[in-house]
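A structural walkthrough
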Amino acid sequence: MSAQREMKEKNPWHTPVTIIITVIGVIAIVALVTVGVLQNKPLLQKYKYGIVLDAGSSHTALYIYEWPAEKDNNTGRVEQIHSCKVKGPGISSYASTPLKAGESLRECMQEAEQRVPRKRHHETPLYLGATAGMRLLNMEDSAASNKVFQAVEEALQKFPFAFQGARILSGQEEGAFGWVTVNYLDDRLKQGLETTGALDLGGASTQISFVSDNYDGSESPDNSVTFRLYGNGYNLYTHSFLCYGKDQALRMTLAQQTLSGPRTIQDPCFHAGYNETKNYSVLYDSPCVSKRKPQSAPATFIHEGKGNFQQCQEIIKRVFNFTDCKFSQCSFNGVFQPLLQGPFGAFSAYYFVMNFLNLTDTSIPLETVRDKLSRYCATPWHQVVQQHPGVKVKYLAEYCFSGTYILTLLTEGYNFTSWSYPKIKFIKKIKGSDAGWTLGYMLNLTNMIPAEAPDSPPLPYTGYVSIVTLLAVLLFILFIVSLRPLWPRCSKQLQII
Ligand SMILES: Nc1nc2c(ncn2[C@@H]2O[C@H](COP(=O)(O)OP(=O)(O)OP(=O)(O)O)[C@@H](O)[C@H]2O)c(=O)[nH]1
Ligand SMILES: [Ca+2]
C-alpha cells in the first residue's frame, strides 16, 4: 500500500503543476486551431453574374453565368445557371420591323431579372453577340442591320444590367470562343492537357477549330488565333464557313435543283410522299443563293421528296468546291486546313440532328451510320410523321437532309475518315453548361482567364489545418518534455505548500 502511494507521489504527471501546464496547453492548442480555422475559413460565398445573348441566325438564346465573387481569376468555376430561348426567329429576320427584334427579347430579359439577385443587377455585364444571320443581313443591307442593332440596344438598355453593347462576332471569334468554352468546361486549359477541337453547326454558318501540331499559323494566317491561357500558349486553327450552316446549306442544295426554274423538283433529301408548295422568292432571298436565282421562274415550285440517301449526298457535294486549293492542303472552297488532330466536340445542330437520328454514338462504324441514315431517308413521309408525333414538322422534314449534310461536311469537307470519325463526340452540354461560343466570349471580355497560371496556396485548406494542429501538439509535447528537470522539484515544492 505504501509502495503504491510512493509511486503515485513520484509520478510527475500527477503533480498539480503538470496538470495546470497540461490544461493550459490543451486550451492553447484548441485556441490556436480555432483561430486558424476561423481565420482561414472561406468567407460566405458571394456570386457574380454575367449575361450573354446569342443572336443566332435561326433564333436568339440568353445565357446566365455565375461564379464565386472572390475567384474571378480561377478556372472551371463559371457555370451556366439559366438559359432562355427567345420566342420567334433570329433578330436578322426583323430587318423590315426592327422594333420587334428588341421586343422579342423582353420575356427572356425579364427572366434574367428574376434569376440574377437584385443587388447584383447593376454590376452584371450584359452582352449581345450576333452571328451569321446578321453577317448576311449586314452584307445584303447594312442600313437594315444597323436599325436592328439600334432597336435591340434600346430595348436592352431599359434593363438594370450593365449593358456592354451589341455587335457582330467575326467568324474567327465565333470559332475560337466555341473552342475556349469546350476546353474551359473540360478543365483542359488550366491543366495544360491536350485540347479538344470544336465543331459548331449553326443555321447560317459552321465553324471548325482545333490545335494541330503541324500548324504554326504561317500558312494562311487568317485561320490562326493565338492564345496564352494559364501559362500555356495555343496556336489555334479556326475557320467559319458562311452559308454552310444547315439552313443556308439546304437553300444552296435546293438552288442546285432549281437552276432552270422548274415547277416541280423531286428532292432525294426529303422523304417520299413529302409534298410542299414553296416560293421561289423566299428560297432565293439570301446572299448565299441570290445570284443563282433563275431568270424566268414561276412564283412557286412544288417540293417533292423521293428519299434517296446516295443521290442526296451527290447533290449536297455539288455545293462544295473540292478542286481549288492554293495551299498544301484544303478542306473545301480553297480554304486551308491542317491535318485533323485530337478529339472533337460537335455541338448545336450537329447534336440536335445526330441525337434525333440516334447516331450520337461515334463508335458505330461510319459505314453503318450511312446505312442507318440511308434507311431513315427511305422511310415514307407519312410513316415518319406517324412515328414522331411530338416533333415539329419543319424539323422532322429536314432530318434526312441534315444528317446527310453533316456526314458529307465531316467526311468530304473536313476529311474525317473511319479512323478519325470516332474521335468526334456529339455534345449538347458540358457539366451543365451549353457548348457554344457564349461562355468563351464572356470569359474573354471579363478577363476571367489569366494569361499566366494564377498563384495558388501550396496546401489545400484541410491539409493546412491538419499540419498546424500536428505542429501545435508536437510543440506542446516538446515543451512539457523540456520542463522535465523541474518536475521533481515542482512536485516537492507543492507538497511543502
Ligand atoms: N432539331 C432541332 N433543331 C434545332 C433545335 N434548335 C435549333 N435547331 C436548328 O438547328 C440549326 C442550328 O441552330 P443554332 O445552332 O441555334 O443556329 P444559330 O445560332 O441560330 O445560327 P448561326 O448564326 O449560324 O450560328 C438551325 O437550323 C435551327 O433551326 C432543336 O432543338 N432541335
Ligand atoms: Ca450559333
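This is a predicted model, so every value here is computed, not measured.

Definitions and cut-offs
Residues numbered from 1 in each chain as written. Chains lettered and ligands numbered in written order. Predicted model: local features only at pLDDT ≥ 70, side-chain atom pairs only at ≥ 80, totals over all residues. Heavy atoms only, no water. Helix = DSSP H or I, 4+ residues; strand = E, 2+ residues; numbered from the N terminus. Patch = residues over 30% accessible without salt bridge, like charges linked within 9 Å, V, L, I, M, F, W, Y side chains within 5 Å. Areas by Shrake-Rupley, 256 points an atom, 1.4 Å probe, with all protein chains shown as cover. Salt bridge = Lys/Arg side-chain N within 4 Å of Asp/Glu carboxyl O. Pairing = 2+ DSSP bridges. Axes fitted to C-alpha atoms, helices over the stretch in contact; angles between N-to-C directions. Contact = heavy atoms within 4.5 Å. Buried < 20%, exposed > 50% of the residue type's maximum accessible area, 1.4 Å probe, protein only. pLDDT = per-residue confidence, 0-100. Near = heavy atom within 4 Å. Polar contact = N/O pair within 3.5 Å; in protein donor to acceptor, adjacent residues only side chain to side chain.

**Brief notes about unusual backbone geometry**
Backbone geometry places Asn358, a non-glycine residue, at a positive phi of 55°. Counting through the fold element by element, Asn358 comes out in the loop between helix H11 (349–356) and helix H12 (366–377).

**Comments concerning a nonpolar patch on the surface**
A surface patch of nonpolar side chains, about 270 Å² in accessible area, is lined by Ile19, Val23 and Ile27. The residue Ile27 is located in helix H2 (residues 16–40) in this model.

**Quick look at the sheet that holds strand S10 (residues 264–267)**
Reading across from one edge, S10-S12-S11 is the order of the 3 strands in this open sheet, with mixed pairing throughout. Single-partner strands in this sheet number two, and they are S10 and strand S11 (275–279). Averaged over neighbouring strand pairs, the angle between their axes works out to 30° when direction is ignored. By the bridge criterion, 4 bridges tie S10 to strand S12 (residues 300–305) in an arrangement that is parallel. What sits directly across from Gln266, in S12, is Glu304. On top of the sheet, helix H8 (residues 246–257) reaches S10 and S12; it is set at about 120° to S10, its chief contact.

**Here we look at the pattern of salt bridges**
Across all of its chains, the model carries 15 salt bridges by this definition. We note a salt bridge from Arg120 to Glu123, for which the minimum N-O separation is 2.7 Å. Note on Arg120: relative accessible area 14%, which makes it buried. Here Asp434 makes a salt bridge to Lys428, at a shortest N to O gap of 3.6 Å. Its relative accessible area of 35% is what places Lys428 among the partly exposed residues. What emerges from the salt-bridge pattern is a single network uniting Lys246, Asp247, Lys394 and Glu398.

**Quick notes on the confidence of the model for the protein chain**
Summing up the model confidence of the protein chain, the mean pLDDT is 91 and the portion of residues at 70 or higher is 89%. When mean pLDDT is taken per element in the protein chain, strand S6 (residues 197–201) scores highest with 99 and helix H1 (residues 2–10) scores lowest with 52. We note a pTM of 0.87 for the whole complex and an ipTM of 0.99 for its interfaces.

**Things to note about the site of ligand 1**
Around ligand 1, a shell composed of 20 residues is seen, among which Ser58, Thr131, Ala204, Asp247 and Tyr399 lie nearest. Within the backbone of Ser57, an N or O atom sits 2.8 Å from an oxygen atom of ligand 1. In the model, an oxygen atom of ligand 1 is placed 3.4 Å from a nitrogen or oxygen of the His59 side chain. Out of a free accessible area of 650 Å², ligand 1 has 88% covered by protein chains.

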